[in-house]
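Coordinate inspection notes
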Amino acid sequence: MELLLYNTMTRCKERFEPILPPQVGLYTCGPTVYNYAHIGNLRTYIFSDILKRVLQYNGYEVRHIMNITDVGHLTGDRDMGEDKLEKGARSEGKSAWEIAEFYTQAFKKDIRRLNILEPTVWCKATETIPDQIALIQTLETKGYTYRTSDGIYFDTSRFKDYTKLSHQDLEALQEGARVERNPEKRNATDFALWKFSPPQVQRQMEWESPWGVGFPGWHIECSAMSMRYLGKLLDIHCGGTDHVDVHHTNEIAQSEAATGRKFFNYWMHGAFLIIAGGKKMAKSEGNFLTLESTVATQRIDPLAFRFAAFQTHYRKPMEYGDEAIAAAQNGLQHLRNQTRALMDAGAPSAVDAEYRGKFLQAINNDLNIPQALAVVQDMLKSDLPTDVKLATLFDYDRVLGLELKKSGADQDLPAEIQAMVEARQRARKEKQWALSDQLRDRIQALGYVVQDGPQGMKVFKP
């Protein structure tokens, strides 16, 4: 069955054809580690995780590269403002290196809690400085660069079809609309390849280069790292839709200018997560929620947020609210209860071919997970034997990543928690609902998830 993916470059669904099958090269833009990832960011990583799992489900061997941007990402869209890491270091009274390491580990913890598969290679911008300098030198030799007082810039007027990804009208792009104007730039869309350290200022992160002491621009990092770690496997590059107009557009320009070859065959982007009032969630707006705060405030299993993301196709904005996340928690709990009932009935046997085909048809239609979930429930309501249902459900979970095999697993609970569980069971038996709710809240406040279902109460550590 063919796999159809929406390509931002062509703005249509295309049949996926890897360069060197069965291998697939996948590059996902990783976090800028100056703060916690917010749940809008994490929705994008859930999307790319589903993409990876779908590729694997189709039998491909995925080489997945994710970068850690630990230098060079400035606060302004057009290479103005401060480096986010240096700014974060000052505000927290730590070194830039400490800030980067702390938030890198926080990000890795978040993706583990969301059961997002780790990449084949984690790569840091600070560990590939020589690659970036070499790439800039190639661009310089080919006449694509010029020097200003604050850095080495890429001349976008030299690159044909600069807006082929974004489809923007160049004449409509006016520098200075959002950030301070740079009078030394030849064109509003030109971008920094290498920034010089300010005079009389010692940055925490800076390196010697042929042009002077400084640090790389944000865009050059991803080009250098993707080419270094993927080689010829430039199949799919993905990220958030906010990367289309600037970051990914600039990656394409500098990469194709340097190599004379096409830079990635498929470009895929996840839409924003929006909150009340229709605003996108963003750190710059100060309206972001972390996974930790969402789990604590809503008292949910982290995988409930993953399940919530499944309710909306990745190319459509996802609306976040208390009701939506509560519904997702209930939906995930219901699916776990269904799984547990099947597990109680016996072991899994063989996957049903017809229902596997229906599931594959949904996910291969541009990762249509909402439709795939409908197939899941249709299969569970069917007349298939329970052992076949269970095997088929576990097969689906290779893509869904909801850890359904753990639905029937009992955990060893600490004595304090076990005592409250038993007290709550007695309260429910005696119909003392207020006491039951109080005990549930106390258990969940200690970091456990409480699920009530037809088979009774289940308590576990997410």
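Structure report, in brief. (Residues numbered from 1 in each chain as written. Predicted model: local features only at pLDDT ≥ 70, side-chain atom pairs only at ≥ 80, totals over all residues. Heavy atoms only, no water.)

1. With respect to the state of the cysteines
Taken as a whole, this structure holds zero disulfides when the rule is applied. Cys12 carries a free sulfur, and the closest cysteine sulfur to it, the one in Cys238, is 18 Å from it. Between Cys238, a cysteine without a disulfide, and Cys29, which holds the nearest cysteine sulfur, the sulfur-to-sulfur distance is 8.1 Å. (Disulfide = S-S within 2.5 Å.)

2. Notes on the nonpolar core
Counting residues in each nonpolar core, the largest one holds 70 residues, and the members touching the most others are Ile236, Phe305 and Phe359. Top element by residues in this core is helix α1 (residues 39–57). It accounts for ten residues. Those residues within four positions of Ile236 in sequence are excluded, and the remaining contacts are Leu5, Phe16, Val24, Gly25, Leu26, Tyr27, Leu51, Leu55, Phe264, Tyr266 and Met268. Within the second largest apolar cluster, 52 residues are counted, among which are Tyr27, Ala89, Tyr144 and Phe191. (Core = buried A, V, L, I, M, F, W, Y, C linked by side-chain atoms within 4.5 Å. Buried < 20%, exposed > 50% of the residue type's maximum accessible area, 1.4 Å probe, protein only. Helix = DSSP H or I, 4+ residues; strand = E, 2+ residues; numbered from the N terminus. Contact = heavy atoms within 4.5 Å.)

3. Overview of helix α14 (residues 433–445)
Its 13 residues give α14 an end-to-end C-alpha distance of 18 Å, which sits within 8% of 18 Å, the value for a rise of 1.5 Å per residue. What α14 keeps buried is the set Ser436, Leu439, Ile443 and Gln444. Viewed end-on, α14 has its buried residues packed into an arc of 130°, placing them on one side of the element. Among the exposed residues of α14, those oriented more than 90 degrees off its buried face are Ala434 and Ala445. Downstream of α14 by one or two residues, Gly447 has phi in the positive range, about 95°. (Expected span 1.5 Å × (residues − 1). Arc of directions from axis to C-beta.)

4. A look at helix α12 (residues 386–400)
Its 15 residues place the ends of α12 20 Å apart at the C-alpha level, agreeing with the 21 Å of an ideal helix rising 1.5 Å per residue. The element α12 is largely enclosed, with a buried count of twelve among its 15 residues. Of the residues making up α12, those classed as buried are Val388, Lys389, Leu390, Ala391, Thr392, Leu393, Phe394, Asp395, Tyr396, Asp397, Val399 and Leu400. Immediately downstream of α12, the backbone of Gly401 shows phi near 65°, a positive value.

5. Notes on the pattern of salt bridges
Scanning the entire structure with this criterion turns up 24 salt bridges. Among the salt bridges present, the one from Glu101 reaches Lys124, with a minimum N-O distance of 3.5 Å. Here Glu101, found in helix α3 (residues 96–113), pairs with Lys124, found in strand β5 (residues 121–124); they are 23 residues apart in sequence, far enough to count as distant. The residue Asp395 makes a salt bridge to Arg356 at a minimum N-O spacing of 3.4 Å. Linking Asp395 in helix α12 with Arg356 in helix α10 (residues 353–363), this pair joins segments that are 39 residues apart in sequence. By relative accessible area, Asp395 is classed as buried at 7%. (Salt bridge = Lys/Arg side-chain N within 4 Å of Asp/Glu carboxyl O.)

6. Remarks on the pairing of strand β4 (residues 61–68)
The two faces of the sheet receive side chains in turn, since in a regular strand these alternate between them. Summarising burial for β4: six of the eight residues are buried, a large majority. Here six bridges tie strand β3 (residues 23–28) to β4, and the two strands are oriented parallel to one another. Directly across from Leu26, in β4, lies its bridge partner His64. Between the parallel elements β3 and β4, the chain passes through α1 in a crossover that is right-handed. (Pairing = 2+ DSSP bridges. Right-handed = clockwise from strand over helix to strand, strands pointing away.)

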